[in-house]
Each structure stands twice: as structure tokens, then as C-alpha cells.
Amino acid sequence: MHAAYHWRNSGNRLLTSARTAWDTRDAAVFPSVSSDLGGMSVSYSGLAEGIAYTLEFTELRREGEGRSAQRTTTTVRGSQLREPSRFADADIAIVGTSAARARKLPATASLIVPMRVHFVIDFDHHDGSGAPAAAPQISKRERAQFRSGLRRHAWTWAEERSPEWFDVFYDRVYRATMQKRHGTRERTESKEVSYEALFRRGRMFVLSQDAERVGGALCHWDRRSGTLTLRLLGVLDGAQQHLDSGAFKAIYHFLIGWCAENGVRRLDFQGTEPFLSKGTYQWKRRFGTRVVLPPNHFGSKRLWFHVRRDTPEVRDYLVANPMLAESGDGRLEAVYFHDAERPARLDYSANSPGVSGIRHIDLDSFLASVPSTSDRKARV
């Protein structure tokens, strides 16, 4: 059980390198899924995690008016991922593989994109005494909302070690919240693994409101690196009243304060897909976090994001969903698409430590080499 947990989550470099090599080997069999929705098709081939982390995101961003994706699924071998012409025909083709392999795929009308990014806060305890560290630059909006909620709801925060609270937390807080927020798309850790790998060795917290327990968090603790990683969290019964009150976000504020006061060197809020239009990306950014590649195996995996056809729907999608991508020197940069009719969506901010810069890409130039049914080109 512990071995399986560490295979999925460890930041040990030898283990993550071994996992990446194994996961992306030539002989492995991978899913290849074509998804047609909203007048645009997207194919995803490669690492299975990318179906939930990437393909589903593209579907959520194309949904509307009760429509659902029409999927066609087959398989490909790892060696076939080197040949983009073998993939299912689609307007956008995405491949999930290792960073090294993704960089060898054609660069035309393509980007190299991280599969996931994490949001971390580094605490500066200069004298090693565990004295409170300087607070991160949390946005004024977040600070004001938290102070207001604290006055109204009298929240309190405490570490908790009782197995009885673990049972309540897992069943009525964590799982209930995941079901409420994500429905059939929820991705959860099993109760047995959560108890053995997280509760017994990590840190557990409870959030109370007017002396009633209404939420909590379960974190992985790495003593050697001084890193606390938020793994499971939620509010009681996933109740909308606790989401509306700000109790869910309060967990993040209290964790920051606890880490600053207890000598934690790094707090890892884990992450999300590298798309700036994703709500999780935007609000985790507002806690003064630094954007990093994940410390686990996802840190050495990438998406090859390739546009095959220039259509109005493709242009709409690209403009509406700016993303993080690798720059030429391997750093993370924010990419915003635009054309004469579609201004860049700069309202999706990328202003975070760890994002080295912003690149604006004109779609006419980016898509010049691919077949076009573009509304703009059709009028020329």
C-alpha cells in the first residue's frame, strides 16, 4: 500500500525518473481517444492520466446547452506516439508523454505544455528557530474575504489526531465535498491509503465554526524537506452553505498561518491543469503562491499540444483558454492567442512567481501551415 502511494506521489528523483521511463516506454499500450463536441474535435493519446486531467478539461470548456462529448476510443503503442500522423483525425491533437519525447515531436502549430502544475509557498525561517515567517502576498480580495468570514463565523483551526475524526473527515467531509464539486469526475484517494499513508504519518486539521466542526484537511508531511502538502480537504457534507460562507477557502488561509508558525519550509497546495481559464488555477494563484512543476512523476511529463485544422471553433477555443507552455529554455511562460477578431483573454491573469513571462501568439501566423476553414480566411 505504501509502495503504491509513493509510486504515485513521491518526489524522490530516482523514483520519479524510473516511473516516467516505465510509463512512457515503447512497448506500453496507451489509450487514444477522440472527443467531438461543440463543433470541434480533440484527440488525446498517451498517458492515461491525461484523459481525466486534460481531455475532460477540453470537454468542460466546450460543453453547453445540454451537449455531451461523443467519444471514440482505441489504443496505440508507445512507439506509435512518435508518429503524429497515426493519431485519430481531429482538429486538435494532444499527446501525453515524457518531456524528452514531447520535445522531439514536430514544432509547427504546436506547444509543449506541462501536464500539471503545483502552487507552493516558501517560508523564510532564517534563524532555524521556527519563528513565524513573513506572510505570502495574498491578494487584498482574499484577505478581506477571509477577515470578514472570520468575524461572522468565528472560525477556529486546530490539529487533530483522533481516528474517530479521521472517519468523519473522510466520509462526511472529504468524499462528500469531492462528490458535490466534481460529481462523476471526482478523483479520490481510497480510505485505507488515506489512513495509512496520510493520517498515520502526516498532519490532520479541523476547522470549526461556532464550536461546530465544519471542515478540515489531511496533509502529507515530509520531515526531511520540511514540506507540508495539502492532499485531502473539504467541508461537512459538502454543504453549499459552507462553500458560500468561505469556509472552504478559509482552510487555505489557516494552513498558511499554521505553517508560518510551526517551522514549515514549504507548503504545497498541489495543483491543477495548466490552463489559465480554470477556476482552480486563478484562485490558488491569489494566495501568493509560486507556480512550479510537480515534484512527483508529473514534473517530467508533458503534453504535445498540436493544432491540425484552422477553424472558427478552434480559434475560439484557443483564445478562450490561454495556457502555460515551455519556453525555448525550458521555463514556464503564459501563452495568449489572439487574432484581428478575437482579442487575447488577458482577464485570465498569469501574474505569479514561477511564470517567467508572457507570449502573445497571433493565430494567423501560428496556424499558417495547417488546413483552414477559418471564418477570417474564408472572407479574404
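We now turn to the structure provided with this report. (Residues numbered from 1 in each chain as written. Predicted model: local features only at pLDDT ≥ 70, side-chain atom pairs only at ≥ 80, totals over all residues. Heavy atoms only, no water.)

## Observations regarding the sheet that holds strand 1 (residues 29-37)
Now for step 1: Here we have six strands laid out as an open sheet, ordered 3-1-2-4-13-5, and mixed in their pairing. Because the sheet does not close on itself, it has two edges, and the strands there are strand 3 (70-77) and strand 5 (110-114). Recorded for the sheet is a direction-independent mean angle of 20° between the axes of neighbouring strands.
Now for step 2: In this structure, strand 1 lies alongside strand 3, joined through eight bridges in antiparallel fashion. Its bridge partner lying in strand 3, Ser32 is registered against Thr74.
Now for step 3: The strands touched by helix 3 (residues 49-60) within the sheet are strand 1, strand 2 (40-46), strand 3, strand 4 (92-98) and strand 13 (301-307), with strand 1 carrying the most contacts at an inclination of about 10°. (Pairing = 2+ DSSP bridges. Helix = DSSP H or I, 4+ residues; strand = E, 2+ residues; numbered from the N terminus. Axes fitted to C-alpha atoms, helices over the stretch in contact; angles between N-to-C directions. Contact = heavy atoms within 4.5 Å.)

## A closer look at the sheet that holds strand 14 (residues 323-326)
Now for step 1: With mixed pairing, three strands are arranged side by side in an open sheet as 14-15-16. Of all strands in the sheet, those with a lone pairing partner are strand 14 and strand 16 (358-362), marking the two edges. Mean inter-strand twist for the sheet, computed between neighbouring axes without regard to direction, equals 45°.
Now for step 2: Where strand 15 (residues 332-338) and strand 16 come together, five bridges link them in parallel fashion. For Val335, the partnering residue across the bridge sits in strand 16 and is Arg359.

## Focus on the nonpolar core
Now for step 1: Core analysis: the biggest nonpolar cluster contains 44 residues, and Trp157, Leu228, Leu255, Leu267, Phe269 and Leu324 have the highest contact counts within it.
Now for step 2: Element by element, the count of residues in this core is highest for helix 9 (residues 247-261), at eleven residues.
Now for step 3: Apart from residues no more than four positions distant in its own chain, Phe269 is found in contact with Phe119, Ile121, Leu230, Tyr252, Leu255, Ile256, Lys284, Phe287 and Thr289.
Now for step 4: Met40, Ile51, Val314 and Val335 belong to the second-largest nonpolar core, a separate cluster that totals 43 residues. (Core = buried A, V, L, I, M, F, W, Y, C linked by side-chain atoms within 4.5 Å. Buried < 20%, exposed > 50% of the residue type's maximum accessible area, 1.4 Å probe, protein only.)

## Looking at the pattern of salt bridges
Side-chain pairs of opposite charge can arise where the charged atoms are in close proximity.
Now for step 1: This structure, assessed with the given rule, holds 32 salt bridges.
Now for step 2: For the salt bridge of Asp26 with Arg101, the shortest nitrogen-to-oxygen distance reads 2.8 Å. Of this pair, Asp26 sits in the loop between helix 2 (13-23) and strand 1 while Arg101 sits in helix 4 (residues 99-102); the two residues are 75 residues apart in sequence, bridging distant segments of the chain.
Now for step 3: Residue Arg101 is classed as partly exposed on the basis of its relative accessible area, which comes to 24%.
Now for step 4: One salt bridge in this structure joins Asp339 and Arg315, with 2.8 Å as the shortest N-O distance. Here Asp339 is found in the loop between strand 15 and strand 16, whereas its partner Arg315 is found in helix 11 (residues 312-320), with 24 residues between them in sequence.
Now for step 5: Residue class for Arg315 comes out buried when judged on its relative accessible area of 0%.
Now for step 6: What emerges from the salt-bridge pattern is a single network uniting Asp310, Arg315, Asp316, Asp339, Arg342 and Asp364. (Salt bridge = Lys/Arg side-chain N within 4 Å of Asp/Glu carboxyl O.)

## So, the layout of surface pockets
Now for step 1: What the second largest pocket holds in volume is close to 770 Å³.
Now for step 2: Only helix 1 (2-9), strand 6 (117-122), strand 9 (212-222), strand 10 (227-235) and strand 11 (266-272) provide two or more residues apiece to the lining of the second largest pocket.
Now for step 3: The leading source of residues in the lining of the second largest pocket is helix 1, at four residues.
Now for step 4: A class-by-class count of the residues in the lining of the second largest pocket yields eight nonpolar, 13 polar and seven charged. (1 Å grid on protein atoms, 1.4 Å probe; cavity = no way out; pocket = protein on both sides within 12 Å on 5 of 7 lines; lining within 4 Å. Points joined across faces, edges and corners; volume = space filled by probe spheres on them. Nonpolar A, V, L, I, M, F, W, Y, C, P; charged D, E, K, R; others polar.)

## Remarks on the packing of helix 6 (residues 163-182) against helix 7 (residues 191-199)
Now for step 1: Between helix 6 and helix 7, whose axes approach to 11 Å, the crossing angle comes to 130°. Comparing the axis directions of helix 6 and helix 7 gives the class oblique. Considering how the two elements wind past one another, helix 6 and helix 7 form a crossing that is right-handed. For the pair helix 6 and helix 7, contact is made by Pro163, Phe166, Asp167, Tyr170 and Asp171 and by Lys191, Ser194, Tyr195 and Phe199, respectively.
Now for step 2: Taken together, the residues of the contact of helix 6 with helix 7 sort by class into five nonpolar, one polar and three charged. (Parallel < 35°, antiparallel > 145°, perpendicular 65-115°, else oblique. Left-handed = near helix turned anticlockwise from the far one by under 90°.)

## A few points about the environment of Phe30
Now for step 1: Mapped onto the fold, Phe30 is located in strand 1.
Now for step 2: Accessibility expressed as a relative area gives 6% for Phe30, which makes it buried.
Now for step 3: When near neighbours in sequence (up to four residues on either side) are disregarded, Phe30 contacts Asp23, Thr24, Arg25, Gly46, Leu47, Thr74, Thr75, Val76, Arg77, Gly78 and Leu81.

## A closer look at helix 9
Now for step 1: Given a rise of 1.5 Å per residue, 15 residues ought to cover 21 Å, and the 21 Å separating the end C-alpha atoms of helix 9 matches this to within 8%.
Now for step 2: Counting buried residues in helix 9 gives twelve out of 15 residues, a clear majority hidden from the surface.
Now for step 3: Looking at helix 9, one finds that the buried residues are Ala247, Phe248, Ala250, Ile251, Tyr252, His253, Phe254, Leu255, Ile256, Trp258, Cys259 and Ala260.
Now for step 4: After helix 9 finishes, the residue Gly263 shows a positive phi value of roughly 75°. (Expected span 1.5 Å × (residues − 1).)

## Considering helix 6
Now for step 1: Helix length check: helix 6, at 20 residues, gives a terminal C-alpha distance of 26 Å against a target of 28 Å (1.5 Å per residue), a fit within 8%.
Now for step 2: Turning to helix 6, its buried residues are Trp165, Phe166, Phe169, Tyr170, Val173, Tyr174, Thr177 and Met178.
Now for step 3: Elements that come into contact with the buried residues of helix 6 comprise helix 7, strand 8 (203-209), strand 9, strand 10 and helix 9.
Now for step 4: With its phi angle positive at about 55°, Gly183 sits one or two positions after the end of helix 6.

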